[in-house]
Amino acid sequence: MHELGHYQEGFLLPTQAPTMHLVMTTRLLSLNTAELQEVLQAELAENPALELVEERRCPQCGRLLSRLPCPHCQDSFSTVEVYELPQYTGASYRDADDNDDDWYAFEAAPVSLAEYAWRQLAPDLAEAERAIGRALVERLDEHGLLCEHPAEIAAYLNCPLHEVLAVLHKLHQVEPVGVGATDIQECLLIQLRHLQELGQGHDTALRLVAEAWDALCRANFDEAAAVLDCEEGDILEAVAFIQDNTYPRPADTHWSSARHPERPPERLREPDIMIYKEEDPDRLVVEIYAPSPTWLRVNPEYREMARSARAAANGDGPPAWARLADEAELFIKSLAQRNQTMRVIMNRLVEAQREFILMGDRHLKPMTRAELAIEVGVHESTVSRAVSRKNVALPNGRVVPLSIFFDRSLSVRDQVKEIIENECADAPLSDGQIAVLLSEQGVEVARRTVAKYRTTLGILPAQLRHKHSTAA
DNA sequence: CTATGGCACGGATT
DNA sequence: AATCCGTGCCATAG
């Protein structure tokens, strides 16, 4: 019973379609671009009544695509589901069929971290190792660390631990170096060893991480010096080296790429939506990548057969195959509905957060899914589904989860970051002092909360920041 | 005594 | 109903 609650929003929609339509639409809504493509292909394969009128396939692998480059092969590309957003009101849409031939050029092929790692790893693997490699890249967390113990993976795949470890070792060599480490210590070790192979290593740094990890974590440099039997100055220098040349979380480069501009950051997430800025008419253009319902139709002959079969049917109803025509139609309508909902929601989102999109994190206005749902007149679970599991590329090139638009504290975190970057030359600010500074800027947050933000930003506590600056 | 992190509680959000 | 987030309290380290 309460299951139906999820689909309540359907009663607000103009369609008179039965509940099945809603079920299908909500299901499609919660899928991102890649998943939607898969579902479409599956549907095409299973349902002979569903027909692809206009194909858009990857010239290399033949995969059906709503956009290129193909996630597997990389080639030229196009976009669909383009719409324009005028600055304030009355968004007008350019539908996909209006500009089939619009081709846009982007410089990089955005891929997920798992895919990125897999492409490098796969060529080095024997056939038997591929399943293990797959399992490993799928278990990387957002930081690029392995979130499951190798032994668990071995147990899951029912294969010997040493085979998993062998593949894991290969994974460690892949860019970004250190992916697949099980903890931060291991990650740093991998990176430091990698640097040594390149002839840019640092012996003390390596020993420090390997042998004096506990002391290092507590920033107890005296103890570290004692363990390694060397001067504290050497330790400080090694610490500086580590801070400047390694990533504790290899996939996080897009959050702190300042130190390492040479790395390929960003774009580890594959965008489902792109927002870009147009100068001439000053506006934001949003593209939502998705298969277009205009590519599809119900096979007319099939529909006709189904219709006459139904007419001929007496009491026992139409034959089972006749339902496929309905299902195909349902799918097309659901897809259209899904894309429409995405458009409406993105439209409002971009309108509301224009400043954030153009000017950065600081300008994100606090907003909840529920508020947005009321504004655009859908159920809040609809917004939830539309937002979930999707990434958006902002005009500045950053690719972030769509849910970032609902992050309550992003703006404040950004201010904390700036305060620390600017004012901490060699007078490190304690969390309490930062809290006071924030309240002067009109932002009231507890000292404890500043501490939380600081750690999520990957910034060391005040005392340790001081040591860093003296060492450097 | 000060700064910080762990734990846990309550309220908001999903 | 489950989860996330901000916060207060307290123990600990320097």
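The rules behind each value
- Residues numbered from 1 in each chain as written.
- Chains lettered and ligands numbered in written order.
- Predicted model: local features only at pLDDT ≥ 70, side-chain atom pairs only at ≥ 80, totals over all residues.
- Helix = DSSP H or I, 4+ residues; strand = E, 2+ residues; numbered from the N terminus.
- Buried ≥ 20, exposed ≤ 12 C-beta atoms within 10 Å, placed from the backbone.
- Contact = placed C-beta atoms within 7 Å.
- Pairing = 2+ DSSP bridges.
- pLDDT = per-residue confidence, 0-100.
- Expected span 1.5 Å × (residues − 1).
- Near = placed C-beta within 6 Å.
- Nonpolar A, V, L, I, M, F, W, Y, C, P; charged D, E, K, R; others polar.
- Axes fitted to C-alpha atoms, helices over the stretch in contact; angles between N-to-C directions.
- Parallel < 35°, antiparallel > 145°, perpendicular 65-115°, else oblique.
- Left-handed = near helix turned anticlockwise from the far one by under 90°.

Caption draft 1: Up close: the overall build of chain A. Secondary structure assignment for chain A yields 20 helices and seven strands. Here chain A holds 472 residues, and the buried ones make up 30% of them. Sequence-distant contacts in chain A: of pairs separated by 6 or more residues, those separated by 24 or more amount to 60%.

Caption draft 2: Molecular detail of the pairing of strand E4 (residues 283-288). When strand E3 (residues 273-278) meets E4, the two strands line up antiparallel, connected through six bridges. Pairing of Lys277 across the sheet is with Leu284, part of E4. Two successive antiparallel strands, E3 and E4, enclose a turn made up of four residues.

Caption draft 3: Region of interest: the confidence of the model for chain A. Scored by pLDDT, chain A has a mean of 73; 75% of the residues are at 70 or more. Contacts from residues 254-267, a stretch scored under 50 in pLDDT, to residues over four places away or in other chains number 18 contacts.

Caption draft 4: Up close: helix H17 (residues 410-423). Here H17 spans 20 Å end to end across 14 residues, near enough to the 20 Å set by a 1.5 Å rise per residue. Where H17 is buried, its residues contact helix H18 (431-440) and helix H19 (447-456).

Caption draft 5: The environment of His169, seen in detail. Examined against the element boundaries, His169 turns out to sit in helix H6 (residues 161-172). For His169, a count of 11 C-beta atoms within 10 Å corresponds to the exposed category. Spatially, the C-alpha atom of His169 lies 8.6 Å from that of Gly180, the residues being eleven residues apart in sequence.

Caption draft 6: Focus on the protein's contact with DNA strand B. Lining the immediate environment of DNA strand B, one finds 14 residues, of which Thr368, Ser430, Asp431, Pro461 and Ala462 sit closest. Contributing elements (two or more residues each) for the surface near DNA strand B: helix H15 (369-376), H18, H19 and helix H20 (462-471). For the surface near DNA strand B, the class distribution of residues is five nonpolar, six polar and three charged.

Caption draft 7: Quick peek at the packing of helix H5 (residues 150-157) against H6. Closest axis-to-axis distance for the H5/H6 pair is 9 Å, and the angle between their directions is 120°. The pairing of H5 with H6 is recorded here as oblique in orientation. The two elements H5 and H6 meet at a crossing, and its hand is right-handed. Across the interface between the two elements, Pro150, Ala151, Ile153 and Ala154 from H5 touch Leu161, Val164, Leu165 and Leu168 from H6. Of the residues assigned to the contact of H5 with H6, the class counts are eight nonpolar, no polar and no charged.

Caption draft 8: Up close: unusual backbone geometry. Despite not being glycine, Arg389 has its phi angle at roughly 60°, a positive value. When you line up the elements, Arg389 lands in the loop between helix H16 (380-387) and strand E6 (391-393). The exposure class of Arg389 is partly exposed, given the 16 C-beta atoms found within 10 Å.

Caption draft 9: Inspection of the pairing of E3 at higher detail. In terms of strand pairing, E3 meets E6 through two bridges, oriented parallel. Residue pairing across strands places Ile273 opposite Val392, the latter belonging to E6.

Caption draft 10: Expanded view of the environment of Glu421. You can see Glu421 is positioned in helix H17. For Glu421, a count of 11 C-beta atoms within 10 Å puts it in the exposed group. Residues Glu421 and Ile459 lie 38 residues apart in sequence; the distance between their C-alpha atoms is 10.0 Å.

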